[in-house]
Every structure is written in structure tokens, then in C-alpha cells.
Amino acid sequence: MTTQAEKQVIVITGASSGFGLLSAKALAHAGHTVYASMRETEGRNAPQVAEVAAYAKENGVDLRTVELDVASDASVEAGIARIIADNGRLDIVVHNAGHMSFGPAEAFTAEQFAQLYDINVLSTQRVNRAALPRLRKQGKGLVIWVSSSSTRGGTPPYLSPYFAAKAAMDSLAVSYSTELSRWGIETSIIVPGAFTKGTNHFAHSGKPADAARAAEYETGPYAGVAEQALGGLAALEPADADVADVARAMVAVVDAPFGKRPFRVHIDPSQDGAEVVNGVADRVRTEMYRRIGLEDLLSPAIKG
């Protein structure tokens with residue numbers, strides 16, 4: 001259990017279900033004040049708000065909800081402002097909100113790609129612009145990004161909009177890490193593999209708007225590829241794969257000492273290769289910063 005001195009005020013985006021809700025509960029049990037943020041708290045997600053309130057009461061944990069639609073500047077700004085007003089501070093931002101689509105790339109409209117980018121990438125920029133001024137003023141903080149092993153591991157077909165958006169998000173996380181370190185703000189990137197069970201990611205995935213174009217793939221030389229891709233992914237996943245491992249990894253990152261938190265943590269039961277490729281990429285990045293004389297940006301400045 002976390003001591004009062006170590007208690008963190010944390011906001012998690014997209015926390016109505018899946019990794020977000022699991023992580024919110026786990027972090028609350030670890031003794032932190034956790035805001036499970038979500039949109040439509042008085043509408044579609046009202047049952048989730050009630051469930052979170054009941055869970056917090058039954059378990060004696062400080063788990064709250066806040067209205068925060070990551071697709072809206074005004075909603076993000078209001079949600080972050082409310083958290084800061086309630087607590088006088090904000091310590092940790094968790095970028096978890098995301099959405100998946102499944103189908104041949106050509107069958108998605110440009111507008112659908114833009115929407116996926118908005119949810120998975122631009123959302124993090126909205127939240128950062130609302131939250132980072134406070135973290136920078138405090139001179140200490142942590143930003144956690146929930147990435148995906150698909151950004152550097154094996155990439156099966158028909159998930160291109162999601163893969164492309166997640167790769168962009170991961171790249172943004174890497175860039176932000178060194179631009180925040182001198183402010184005393186750490187970065188950790190959580191890299192889950194393909195968990196096909198235990199979240200709504202695959203169940204709620206979007207479909208191509210151009211059904212006729214998708215049908216050309218389904219009835220042509222790519223007939224059966226969709227089923228083979230999904231079935232193959234599920235078969236790679238060990239029977240004991242547990243999505244709660246992602247939440248446990250997040251708790252471990254949050255509770256690690258400042259300055260000692262890992263830059264990346266992979267939770268990939270299927271071992272799709274992302275950890276190997278990321279290891280090389282992160283070493284190359286470290287070498288580049290050393291060569292240009294900015295190696296100090298790779299570690300957060302500890303303010304006195």
C-alpha cells in the first residue's frame with residue numbers, strides 16, 4: 001500500500017472499460033487518487049460511472065470518474081481543470097484512449113483514417129496541452145503512454161488504420177520524453193501485445209465504410225484472410241494470457257522511484273518481436289542524443 005507521501009493524483013483516458021478501467025482499479029488499490037476519465041458520463045457511460053462509484057465504496061479506494069471526451073478540446077480542458085481544482089495538483093497522466101478498426105486498408109475512407117488518428121494520436125496532444133503546464137509548474141510528474149507491440153512487432157493484415165495511428169502515437173511519446181525531462185517529467189511507454197480476450201478492443205473494432213471495396217477483397221484473392229488473421233492472432237496468445245498484467249505493470253511503473261522508472265515495459269504474451277526491435281531503436285536514439293551533446297535529456301531532471 002502506498003503511503004500518503006507517495007500518493008499520486010492520476011488521470012487515465014478512455015477508462016470506461018478494458019486496459020483503462022483495469023489500470024484505474026489497480027492504481028486505486030495501490031493507494032492513489034485515480035480519475036477514470038470517459039465521455040458521456042451522464043449518457044451512454046452513466047452505468048460505468050455508477051459501477052466505478054460502487055466499486056470505490058465497496059473496496060475503500062479513491063477511484064473517481066470525470067467527464068473527458070478526448071476528441072474535444074473543451075471537454076479535455078474542463079476535465080483536467082476539474083481534477084486540478086479538486087486536488088490542487090495532478091501528478092500522472094495516462095494516455096490510454098484508443099480505438100481499433102479491422103478490414104482492408106483500401107476500403108477505409110480518408111475520413112475514417114482521420115478519425116482513428118484523432119482518437120489515438122490527437123487525443124494525446126489535447127490532453128498534454130491541458131495537463132502539462134501544471135506538471136511543468138510542479139517540476140515533477142510522469143506521463144504514461146499505452147502503445148502497442150504492433151508499432152514495431154509483427155503486423156498481421158487488415159489492421160492498418162490502427163497500426164498506423166499507434167505508430168504515430170508511439171513516435172510522439174518518444175519525442176515528448178526528451179522535451180519534458182528537463183522539467184522533471186518522466187515518460188514510460190507501456191507496450192501491450194495482442195490481447196484478443198479480456199478487452200473490447202477487437203469486439204468493438206470499426207469496419208470499412210466502403211463495403212463494396214471490402215467485398216472485392218473478401219471475394220477475390222484475399223478470401224479467408226480476415227478469418228485467418230484473427231484466428232492466427234488468437235492462436236498465438238497463450239491460454240494463460242491475462243490482460244490484468246498490463247494493469248499490474250502500470251502500478252509497478254507508478255510505484256517505482258522517480259528517476260528509476262523504465263522507459264518501456266513490454267507485456268506481450270505472444271512475443272511478436274516488438275521488444276527486440278524497440279531495444280535496437282531505443283539504443284540508436286540514446287546514441288544520437290549522446291552524439292549531439294544532449295544525453296542529459298534521456299533522464300528526468302530531479303528538482304531540488
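As the structure is a computational prediction, the values presented were derived from the model and not from experiment. (Residues numbered from 1 in each chain as written. Predicted model: local features only at pLDDT ≥ 70, side-chain atom pairs only at ≥ 80, totals over all residues. Heavy atoms only, no water.)

Draft legend 1. Representation of helix α4 (residues 110–138) in the model. Taking 1.5 Å of rise per residue, 29 residues should cover 42 Å, and α4 covers 40 Å from first to last C-alpha, within 8% of that figure. Looking one or two places after α4, you find Gly-139, whose phi comes out positive at around 75°. (Helix = DSSP H or I, 4+ residues; strand = E, 2+ residues; numbered from the N terminus. Expected span 1.5 Å × (residues − 1).)

Draft legend 2. Here's a closer look at the nonpolar core. Counting 32 residues, the largest nonpolar core has Ile-10, Ile-12, Leu-27, Val-34, Leu-63, Val-94 and Ile-144 as the members making the most contacts within it. Counting only elements with at least two residues in this core, the list comes to β1 (9–12), α1 (18–29), β2 (33–38), α2 (46–59), β4 (92–95), β5 (141–146), α8 (244–255) and β7 (264–267). With 6 residues, α8 is the single largest residue contributor to this core. For Ile-144, the residues in contact, after removing those within four places along its chain, are Ile-92, Val-93, Val-94, His-95, Ser-188, Ile-190, Met-250, Val-253 and Val-254. If you look at the next biggest cluster of nonpolar residues, it comprises 31 residues, including Ala-131, Ala-165, Met-169 and Tyr-176. (Core = buried A, V, L, I, M, F, W, Y, C linked by side-chain atoms within 4.5 Å. Buried < 20%, exposed > 50% of the residue type's maximum accessible area, 1.4 Å probe, protein only. Contact = heavy atoms within 4.5 Å.)

Draft legend 3. Inspection of the pairing of strand β3 (residues 63–67) at higher detail. The pairing of β2 with β3 spans 5 bridges and is classified as parallel. Counterpart to Val-34 in the pairing with β3 is Leu-63. (Pairing = 2+ DSSP bridges.)

Draft legend 4. Structural detail: the sheet that holds β2. An order of β3-β2-β1-β4-β5-β6-β7 is seen for the 7 strands of this open sheet, with the pairing classed as parallel. Sheet topology places β3 and β7 at the edges, where each strand pairs with a single neighbour. Between one strand and the next, the sheet's axes are offset by a mean angle of 20°, whatever the strand orientation. (Axes fitted to C-alpha atoms, helices over the stretch in contact; angles between N-to-C directions.)

Draft legend 5. Examining the packing of helix α3 (residues 73–87) against α4 more closely. Remark: α3 packs on α4, axes separated minimally by 8 Å, with the N-to-C direction vectors making an angle of 30°. Considering their axes alone, α3 and α4 lie roughly parallel with respect to each other. Seen along the crossing, α3 lies across α4 with a hand that is right-handed. Here Asp-73, Val-76, Glu-77, Ile-80 and Ile-84 of α3 come into contact with α4, specifically with Arg-126, Val-127, Ala-130, Ala-131 and Arg-134. Classifying every residue of the contact of α3 with α4 gives 6 nonpolar, no polar and 4 charged. (Parallel < 35°, antiparallel > 145°, perpendicular 65-115°, else oblique. Left-handed = near helix turned anticlockwise from the far one by under 90°. Nonpolar A, V, L, I, M, F, W, Y, C, P; charged D, E, K, R; others polar.)

Draft legend 6. View of the pairing of β7. Burial along β7 is two-sided: the face carrying Arg-264 and His-266 and the face carrying Val-265 and Ile-267 are both buried. In this structure, strand β6 (residues 185–192) lies alongside β7, joined through 4 bridges in parallel fashion. Its bridge partner lying in β7, Val-191 is registered against His-266.

That is the geometry; function is a separate question.
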